[in-house]
Amino acid sequence: MRYLLLPISGAYALVIFIRNRLFDRHILPSQKVPKSIGVGNLSMGGTGKSPLSIYLAEFLLKNNYLPALLSRGYGRVSKGFIEVQRNALSIAVGDEPLMFKQRFKTKAHVFVCENRINGTEKIRNKHPESVIIYDDIFQHRKVNPSFLVLTTPYNDLFLDDHILPVGRLREPISSAKRADVVMITKSPQDISDERIHKIKQRFERFKKPIFFSSVSYGNMVPFEKQNKTVRNILLVTGIADPSHLINHLENKFSIETISFSDHHVYTASDLNKIHEKFGTFDSEKTIILTTEKDMVRLSKFKALISKGDYPWYYQPMNIHIREESDFQSLIKKHVREI
């Protein structure tokens, strides 16, 4: 079946090649944005961009910079330039921007705008000294960040993929040369030096620094009700790939899962089904756990959750970067000396 799609992939690749060549030769305009960091990928689906954007914002804050995160706000029903507020609904601004805002509160500004040039200009007018972090920017060639990070998951490297629709790549593998660094996300925390060396060898053709990041999970945070003892977890997710979280939890708990598609818009019917499933467990030793990203989509049902006295929790996550000081030195170099 995949072979039948090869002509379509070839045509798609040709269109992308011509488009990129027009930008490379400055026939199509691209705006260089000083003091900015772009995070993106070549493939469809979750590659660890959001945790990296959070990491970058936290690093900038620690070094006395004001981060301003800009996203298109995937799946939102609104249009135009909007500054995200903590009490917004995810359907209005997108789940990831709302997650950013609820994580950083007043410490960082978060904006959504489908037109990145327009969004950049308005952010610069409002906060001229800010460092803009662009979430999912790699294909938006009209904006040229001063530092561009390309993410790819450890177990699903873009080197092993194919262009759409045969594979999941939005651009040819050769486009990786535009990045300043490549970040191998979701790496094992105990990855060996030998394995790192072998992976870096595969990326040598791009002549870019290669870094490895791994996921770390914090304590589960209750929405409201708390259980003193937790032995069982009903895990509810609407993300591209929950396998890493499942593997983490299975070491400590008995897990049942309810999985929705990425960026799923939850309904009251969904909540009822989840609560019905929860009713089949020992409620004193079981919690309903979701991701931080799903939590912001579920916040509109806070009254329903409180009324039923259900023990909902969410799982915060962060990342750890190997050779972190080298990576941070590159950020400082490209986003002016901090």
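Rules used throughout
Residues numbered from 1 in each chain as written. Predicted model: local features only at pLDDT ≥ 70, side-chain atom pairs only at ≥ 80, totals over all residues. Heavy atoms only, no water. Helix = DSSP H or I, 4+ residues; strand = E, 2+ residues; numbered from the N terminus. Buried < 20%, exposed > 50% of the residue type's maximum accessible area, 1.4 Å probe, protein only. Areas by Shrake-Rupley, 256 points an atom, 1.4 Å probe, with all protein chains shown as cover. Core = buried A, V, L, I, M, F, W, Y, C linked by side-chain atoms within 4.5 Å. Contact = heavy atoms within 4.5 Å. Pairing = 2+ DSSP bridges. Axes fitted to C-alpha atoms, helices over the stretch in contact; angles between N-to-C directions. Expected span 1.5 Å × (residues − 1). Arc of directions from axis to C-beta. Phe/Tyr/Trp six-rings, centres within 6.5 Å; stacked < 30°, edge-to-face > 60°.

Caption draft 1: Seen up close, the overall build of the protein. Each helix and strand in the protein was counted, giving eleven helices and 14 strands. Its C-alpha atoms give the protein principal-axis dimensions of roughly 65 × 50 × 40 Å. Evaluated residue by residue, the protein yields a buried proportion of 49% over its 338 residues. For the protein, the exposed area adds up to about 16600 Å²; of that, 51% sits on carbon and sulfur atoms.

Caption draft 2: Up close: the nonpolar core. With 36 residues, the main nonpolar core has Ile-37, Leu-52, Leu-56, Phe-147, Ile-321, Phe-327 and Ile-331 as its most contacted residues. For this core, the leading source of residues is helix H2 (residues 49-62), giving seven residues. In this view, Phe-147 contacts Ser-36, Ile-37, Gly-38, Asp-180, Val-181, Phe-327, Leu-330, Ile-331, His-334 and Val-335; residues no more than four positions away in its chain are not counted. If you look at the next biggest cluster of nonpolar residues, it comprises 33 residues, including Ile-117, Val-143, Leu-148 and Tyr-154.

Caption draft 3: Main features of the sheet that holds strand S4 (residues 109-112). Ordered by their spatial adjacency, nine strands build an open sheet running S3-S4-S2-S5-S1-S6-S7-S8-S14, and the pairing between neighbours is mixed. Of all strands in the sheet, those bounded by a partner on one side alone are strand S3 (82-83) and strand S14 (317-321). As judged from the four bridges shared by strand S2 (residues 67-71) and strand S5 (residues 131-135), these two strands associate in the parallel manner. For Pro-67, the partnering residue across the bridge sits in S5 and is Val-131. With respect to the sheet, helix H5 (residues 116-126) is in contact with strand S1 (31-41), S2, S3, S4, S5 and strand S6 (143-153), its orientation differing from that of S1 by roughly 125°.

Caption draft 4: Region of interest: the pairing of strand S12 (residues 286-291). The element S12 is largely enclosed, with a buried count of six among its six residues. Side chains Thr-286, Ile-288 and Thr-290 of S12 all project onto a buried face; the interleaved residues Ile-287, Leu-289 and Thr-291 project onto the opposite face, where all are buried too. Alignment of strand S10 (residues 232-237) against S12, held across five bridges, turns out to be parallel. When the bridges of S12 are listed, Val-236 appears paired with Thr-290. Strand direction decides the pairing type here: S12 and strand S13 (residues 312-315), joined by four bridges, are parallel. Opposite Thr-290, over in S13, you have Tyr-314 as the bridge partner.

Caption draft 5: Quick peek at the pairing of S1. The buried count for S1 comes to eight of eleven residues, which makes it a mostly enclosed element. Inspection of the sheet shows S1 paired to S5 by four bridges, in the parallel sense. Along S5, the bridge assignment pairs Val-39 with Asp-135.

Caption draft 6: Fine view of helix H1 (residues 6-24). For H1, spanning 19 residues, the distance from its first C-alpha to its last is 26 Å, which sits close to the expected 27 Å at 1.5 Å a residue. Along H1, the residues classified as buried are Ser-9, Ile-16, Asn-20 and Phe-23. End-on, the buried residues of H1 take up no more than an arc of 50°, which puts them together on one face. Opposite the buried face of H1, by more than 90 degrees, sit the exposed residues Pro-7 and Val-15. Within two residues after H1, His-26 carries a phi angle of roughly 65°, on the positive side.

Caption draft 7: Structural detail: the environment of Ser-213. Within the secondary structure, Ser-213 is located in strand S8 (residues 210-217). In this structure Ser-213 comes out as buried when scored by relative accessible area, which is 2%. Considered as a pair, Ser-213 and Ile-191 are 22 residues apart in the sequence and their alpha carbons are 10 Å apart. Here Ser-213 is in contact with Met-183, Ile-184, Thr-185, Lys-186, Ser-187, Ile-319, His-320 and Ile-321, once residues within four sequence places are set aside.

Caption draft 8: Up close: the sheet that holds S10. Taken in spatial order, the five strands line up as S9-S13-S12-S10-S11 in an open sheet, and their pairing is mixed. Among the strands making up the open sheet, the edge pair consists of strand S9 (221-222) and strand S11 (254-259). The pairing of S10 with S11 spans six bridges and is classified as parallel. Paired with Leu-234 across the strands is Glu-256, a residue of S11. Packed on one face of the sheet, helix H7 (residues 243-250) meets S10, S11, S12 and S13 and runs near 175° to S10. Contacts from helix H8 (residues 268-278) reach S10, S11, S12 and S13, with the element oriented near 145° to S12.

Caption draft 9: Fine view of the packing of aromatic side chains. Overall, the coordinates contain eleven aromatic pairs when judged by the stated rule. Between Tyr-55 and Phe-327, the ring centres sit 6.2 Å apart and the planes meet at 45°, which makes this aromatic pair tilted. Of this pair, Tyr-55 sits in helix H2 while Phe-327 sits in helix H11 (residues 324-334), placing them 272 residues apart in sequence. With a relative accessible area of 8%, Tyr-55 lands in the buried category. Seen from their ring centres, Phe-158 and Phe-203 are 5.5 Å apart, and the 85° between their planes marks the pair as edge-to-face. Highlighted residues: Phe-158 in the loop between S6 and strand S7 (181-185) and Phe-203 in the loop between helix H6 (193-202) and S8, separated in sequence by 45 residues. On the basis of relative accessibility, which here comes to 2%, the residue Phe-158 falls in the buried class. Following the ring pairs from residue to residue traces out a cluster consisting of Tyr-55, Phe-147, Phe-211 and Phe-327.

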